[in-house]
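# Fold and geometry: a report
Chain residues, written in single-letter form:
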There are 2 protein chains.
Amino acid sequence: MDGRLDDGAVRVGGDARQRYYDSSGYGRPLEGNEIELAPVEAAHLLFRGDLEAVDGMDFREFFAHATDAVDRFGVRYLVYADLRSRGFYLSPSRADWVPAPRRDDDFVVYERGQGPPDGDVAYRVRVVGERETVSAAAIAGARTDSADAALAVVDEESEITYLDLGAPDLDGSTSVDLPDRVPAAVLDDRVICWDPPISLYERGFFGRPLSGRDASEGDPLQLSLVEAAYLATHDAIDVEGDSATVRDRGRAVEGERFDRRLAAYTELRDRGVVPKTGFKFGADFRTYADVESVDSLGHSELLVRVLPAGHTFAPRDLALDVRLANGVRKTMVFALVGDDDSAGDGGVEWLSITRLTP
Amino acid sequence: MDGRLDDGAVRVGGDARQRYYDSSGYGRPLEGNEIELAPVEAAHLLFRGDLEAVDGMDFREFFAHATDAVDRFGVRYLVYADLRSRGFYLSPSRADWVPAPRRDDDFVVYERGQGPPDGDVAYRVRVVGERETVSAAAIAGARTDSADAALAVVDEESEITYLDLGAPDLDGSTSVDLPDRVPAAVLDDRVICWDPPISLYERGFFGRPLSGRDASEGDPLQLSLVEAAYLATHDAIDVEGDSATVRDRGRAVEGERFDRRLAAYTELRDRGVVPKTGFKFGADFRTYADVESVDSLGHSELLVRVLPAGHTFAPRDLALDVRLANGVRKTMVFALVGDDDSAGDGGVEWLSITRLTP
């Protein structure tokens with residue numbers, strides 16, 4: 001069976017509709033038995049030997065032709081072929097192929113055992129090469145849709161990493177009775193309460209006792225600047241010059257990043273989730289949803305990286321974060337903070353990214 | 001017992017030599033029984049209640065004073081106290097305290113059970129706060145010394161991460177008989193050999209078959225640009241316009257980073273170590289020291305991140321890389337490539353960083 005190029009797609013006649021579309025979900029039906037194949041579909045049929053030639057080109061010639069003629073053909077073909085080899089039917093996310101295709105998506109993948117035209121959609125997949133970048137806004141936009149959104153990253157050796165784009169669970173049950181204006185001093189880039197109520201640490205999980213984890217009543221408590229800024233804003237600690245002193249120090253040592261981190265920290269605390277430093281995991285925070293006391297602390301559930309809303313991801317950085325979180329059985333979460341969200345007014349956008357094995 | 005400030009240190013008389021130096025390794029002896037304490041030592045003795053005051057200041061007052069007066073006092077105190085609490089004796093890396101103190105080091109830590117003046121040195125420790133940066137050159141310089149070098153990173157919540165700075169084992173046993181000028185085509189940002197000898201993949205572990213891992217003779221083989229550049233330089237593949245075509249494409253899509261990666265790739269291959277993409281780990285390469293065939297491949301041993309020699313680390317990025325490598329039981333290695341090393345002439349400096357639990 002041969003196909004012919006027609007305006008960027010490949011037309012096949014004969015019994016193509018039964019042979020390719022009805023039985024295997026390739027292409028879209030035209031008049032009669034003719035179908036139209038997207039270039040990746042045609043290339044896959046050529047590779048399998050199910051199609052002999054397109055305008056006289058064999059697989060190798062067509063592949064080279066399409067690499068030149070079609071935007072990102074190589075990486076899209078690799079993902080198409082990989083998902084096919086895993087037993088999925090998928091359609092290019094193009095007008096006429098699928099209803100309401102979404103900008104930025106490359107494929108619509110059907111639930112296993114289903115296909116076009118009316119199969120249930122399992123994932124809408126966007127393909128990127130590892131050298132491309134992906135805007136945080138695009139990822140955040142993609143995952144708001146009803147169908148699950150996924151990113152397929154093709155690395156330089158043509159291996160594929162699939163990432164699921166979702167929304168994290170940020171419901172916590174931690175409640176803390178904050179103390180009233182406990183004296184505290186800003187020392188360099190941390191804050192010390194010399195004689196705090198022990199509950200501030202033991203129940204609220206604020207700070208770290210200067211004596212280490214086994215603290216007793218009256219032990220000095222060190223607070224990070226972001227913890228101290230939160231507590232000062234809530235009049236729980238009292239520093240010379242009020243909460244602005246702490247925020248100014250935070251900005252002095254971290255710049256605008258401090259405001260973004262404070263916005264994310266505040267929203268998490270407001271939701272009953274306790275953020276602590278994620279430094280050992282290379283993140284901004286690790287979080288505990290249900291803290292009753294530090295003595296009965298479970299494992300932290302999320303790793304949070306705080307980013308400006310306009311951030312652009314390098315896929316390799318995403319792979320690093322998600323792989324690490326996966327290895328320590330936590331969920332990787334990105335907090336996207338806009339320029340006007342520094343007051344922690346709930347304007348933080350939350351995005352979870354997890355590894356997907358189709 | 002009281003001490004007095006004297007030119008940035010604290011002098012203590014009475015039976016101080018026996019009490020603090022001989023029995024516990026604090027300070028350095030002066031005339032008679034008098035000793036001199038560094039500020040972190042004095043603060044630690046004040047905190048423990050073994051010293052009552054310094055110029056009338058108790059622990060809290062002295063701590064605040066020293067934070068203002070002494071560079072990086074807070075983070076250095078935290079590390080000093082932490083290592084003391086783990087049972088180590090350590091001395092400030094200062095002239096008169098230890099022989100031949102090294103610039104950039106903060107403490108000399110003795111082997112467990114030993115101390116000044118003639119204890120064996122276990123680690124020379126440099127302290128950094130998580131918001132400081134550390135130059136790759138300084139790390140590379142530190143680890144060439146005879147004693148083991150370590151970095152102690154104090155995070156915003158005053159938790160400490162210890163990192164061991166070393167040199168990786170780069171001895172591999174992989175030997176490959178390269179083929180002679182196999183035809184290959186540059187397609188976008190990868191290279192394809194349409195009809196390669198299967199040994200190029202199966203024995204040399206170059207590329208990835210277009211059909212996936214179960215390749216048979218004659219299956220097209222995709223090569224990454226860095227693999228192709230290496231093979232073209234060794235006349236193992238033949239691309240139109242020779243090896244410069246591949247390198248030019250590499251530079252077009254990755255910039256100077258491509259030359260650095262090629263230098264590291266080449267040195268690894270020359271040492272019998274096989275580098276493959278480290279993308280899934282967020283690194284440049286993962287490596288296999290002893291490849292006999294892809295069918296009997298073991299786990300990769302190293303994760304390699306390639307950096308310009310002038311790179312400056314943010315401690316958080318270091319923590320991320322080292323933690324990830326540790327979690328997948330690999331060693332994190334940094335390849336530092338200077339501007340004039342793009343020819344892969346062996347000028348790459350290799351640095352391993354591992355987590356240390358003192």
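Described in the following lines is the structure provided in the data block. In this convention, every chain numbers its residues from 1, walking through the sequence in written order. Written order decides the labels, with chains lettered from A and ligands numbered from 1. Local features in this predicted model are restricted to residues of pLDDT 70 or higher, and side-chain atom pairs are both shown and tallied only at a pLDDT of 80 or more, whereas totals for entire chains, interfaces and linings draw on every residue. Heavy atoms from the whole structure form the basis of all side-chain values; hydrogens and water molecules are not counted.

## Re the overall build of chain A
Comment: elements are numbered from the N terminus, with helices defined as DSSP H or I runs of at least four residues and strands as E runs of at least two. Per the secondary structure count, chain A includes 10 helices and 23 strands. For this measure, only C-alpha atoms enter the radius of gyration; the expected value for a globule follows 2.2 Å times N^0.38, where N is the number of residues. Its C-alpha radius of gyration of 27 Å places chain A more than 25% over the 21 Å reference for a compact globule of 358 residues. For chain A, the spread of C-alpha atoms along the three principal axes comes to 85 × 35 × 30 Å. Accessible area is worked out with a 1.4 Å probe on protein chains only. A residue is then buried under 20% of its type maximum, exposed over 50%, and partly exposed in between. Split into buried and exposed, the 358 residues of chain A put 59% on the buried side. Contacts are assigned to residue pairs with any non-hydrogen atoms lying within 4.5 Å of each other. Once local pairs closer than 6 in sequence are excluded, the contacts in chain A between residues at least 24 apart make up 54%. All accessible areas in this document rest on Shrake-Rupley with a 1.4 Å probe, and a residue is counted as covered only by the protein chains that are shown. In the structure as shown, chain A presents an accessible area of about 14,400 Å², 41% of it carried by carbon and sulfur atoms. His is not counted, nor are the chain ends; Lys and Arg add positive charge and Asp and Glu add negative charge. Here the site of a charge means NZ on Lys, CZ on Arg, CG on Asp, or CD on Glu. Between the mean site of the 41 positive side-chain charges and the mean site of the 67 negative ones, chain A shows a separation of 3 Å.

## Observations regarding the interface of chain B and chain A
The interface is formed by 56 residues belonging to chain B together with 56 residues belonging to chain A. Across the chain B/chain A interface, buried area totals approximately 5,600 Å², and carbon plus sulfur atoms make up 56% of it. In the sections that follow, a salt bridge refers to a side-chain nitrogen of Lys or Arg positioned within 4 Å of a carboxyl oxygen of Asp or Glu. Between chain B and chain A we count 12 salt bridges in total. K276 of chain A serves as the salt-bridge partner of E157 of chain B, at 3.7 Å between the closest nitrogen and oxygen. Per-element tally for the side of chain B that touches chain A: the top contributor is helix 10 (residues 315-327) of chain B, with 7 residues. A 1.4 Å probe defines the accessible area here, and the buried area is the portion of it lost by two parts on being joined, summed over both.

## Focus on the packing of helix 2 (residues 39-48) of chain A against helix 4 (residues 73-85) of chain A
A pair of packed helices is characterised by two quantities: the angle between their axes and the separation of those axes. All names here are of chain A. Lines fitted to C-alpha atoms define the axes here, with helix axes fitted over just the stretch in contact, and angles between the N-to-C directions of these axes take values from 0 to 180 degrees. Where helix 2 meets helix 4, the closest approach of the two axes is 9 Å, and the angle between their N-to-C directions is 60°. In terms of orientation, helix 2 and helix 4 fall into the oblique class. Considering the relative orientation of helix 2 and helix 4, their crossing is right-handed. Where helix 2 approaches helix 4, its residues P39, V40, E41, A43, H44 and F47 are matched on the opposing element by F73, R76, Y77, Y80, A81 and R84. Polarity classes work like this: nonpolar for Ala, Val, Leu, Ile, Met, Phe, Trp, Tyr, Cys and Pro, charged for Asp, Glu, Lys and Arg, and polar for all others, with Gly in that last group. Residues belonging to the contact of helix 2 with helix 4 are distributed by class as follows: 8 nonpolar, 1 polar and 3 charged. What sets the label is the angle itself: under 35 degrees gives roughly parallel, over 145 gives roughly antiparallel, 65 to 115 gives roughly perpendicular, and the rest give oblique. In this scheme, a crossing is called left-handed if the near helix is turned counterclockwise away from the far one by less than a right angle; it is called right-handed if the turn is clockwise.

## Here we look at the sheet that holds strand 18 (residues 274-277) of chain B
Residues and elements named next belong to chain B. For two strands to pair, DSSP has to find at least two bridges joining them. Spatial ordering of the open sheet is given by 6-7-8-10-11-23-22-20-19-18, a layout of 10 strands whose pairing is mixed. Lying at the two open borders of the sheet, with one neighbouring strand each, are strand 6 (90-92) and strand 18. Strand-to-strand, the axes of this sheet are offset by a mean angle of 30°, without reference to chain direction. Relative to strand 20 (residues 302-308), helix 9 (residues 256-270) is tilted by about 140°, and along the sheet it contacts strand 18, strand 19 (285-288), strand 20, strand 22 (331-337) and strand 23 (349-356).

## Here's the deal with the relation of the copies chain B and chain A
For the pair chain B and chain A, the superposition axis carries a translation of 0.0 Å, the fit reaches an RMSD of 0.0 Å, and the rotation angle comes to 180°. In the structure described here, the two chain copies are related by an operation that fits a two-fold rotation axis. Residue L324 of chain B, judged by its C-alpha, is the member of chain B lying nearest the rotation axis, at 2.6 Å. In this assembly the copies share their binding face: 100% of the residues contributing to the interface of chain B also contribute to that of chain A. Copy-to-copy superposition: least squares on the C-alpha atoms, limited to residues that have pLDDT of at least 70 in both copies.

## Brief notes about the pairing of strand 10 (residues 148-154) of chain A
Residues and elements named next belong to chain A. With 6 of 7 residues buried, strand 10 lies mostly within the body of the structure. Sheet analysis places strand 8 (residues 121-129) next to strand 10, joined by 7 bridges and oriented parallel. Bridge pairing in strand 10 links V125 to A150. Pairing analysis gives 6 bridges linking strand 10 to strand 11 (residues 160-166), with the strands arranged antiparallel. Paired with A149 across the bridge in strand 11 is L165. Counting the residues between successive antiparallel strands, the hairpin from strand 10 to strand 11 contains 5 residues, one of them, S158, with a positive phi of roughly 70°.

## Observations concerning the packing of aromatic side chains
Two aromatic rings, drawn from Phe, Tyr or Trp (for Trp, its six-membered ring), form a pair once their centres lie within 6.5 Å of each other, and the interplanar angle then sorts them: stacked below 30 degrees, edge-to-face above 60, tilted otherwise. Taken as a whole and judged by the stated rule, the model has 32 aromatic pairs over all chains. Here the aromatic cluster, defined as three or more aromatic residues joined through ring pairs, consists of F47, F59, F63, F73 and Y77 of chain A together with W194 of chain B. Residue placement shows K276 of chain A over the ring face of F205 of chain A; its charged tip is 4.4 Å from the ring centre. Placement of a charge over a ring requires the Lys NZ or Arg CZ to be within 6 Å of the ring centre, with the centre-to-atom vector within 35 degrees of the ring normal. The cationic tip of R84 of chain B hangs over the ring face of Y26 of chain B; the distance from NZ or CZ to the ring centre is 3.8 Å.

## Structural notes on the sheet that holds strand 14 (residues 190-193) of chain A
All names here are of chain A. The sheet built from 4 strands is open, its strands ordered 13-14-16-15 with antiparallel pairing. Pairing within the sheet leaves two strands with one partner each, and these edge strands are strand 13 (185-187) and strand 15 (208-209). In this structure, strand 15 lies alongside strand 16 (residues 221-223), joined through 2 bridges in antiparallel fashion. Counted as the bridge partner of R208 is Q222 from strand 16.

## Points about the side chain of H44 of chain B
All names here are of chain B. Mapping H44 onto the fold places it in helix 2 (residues 39-48). H44 sits in the buried class, given a relative accessible area of 7%. In this structure H44 touches Y26, Y77, Y80, A81 and R84, once residues within four positions along its chain are discounted.

## Thoughts on the pattern of salt bridges
Scanning the model with the defined rule gives 64 salt bridges over all chains in all. Across the salt bridge formed by R131 of chain A and E254 of chain B, the nearest N and O atoms sit 2.9 Å from each other. Residue R131 of chain A is located in the loop between strand 8 and strand 9 (134-135), and its partner E254 of chain B is located in helix 8 (residues 243-254); the two belong to separate chains. Overall, the relative accessible area of 13% leaves E254 of chain B in the buried class.

## Re the environment of E349 of chain A
Residues and elements named next belong to chain A. Here E349 is to be found in strand 23 (residues 349-356). Taking the C-alpha atoms as reference points, E349 and A264, 85 residues apart in sequence, are found 9.2 Å from one another. The residues touching E349, leaving out its near neighbours within four places in the chain, are A140, R143, F334, A335 and L336.

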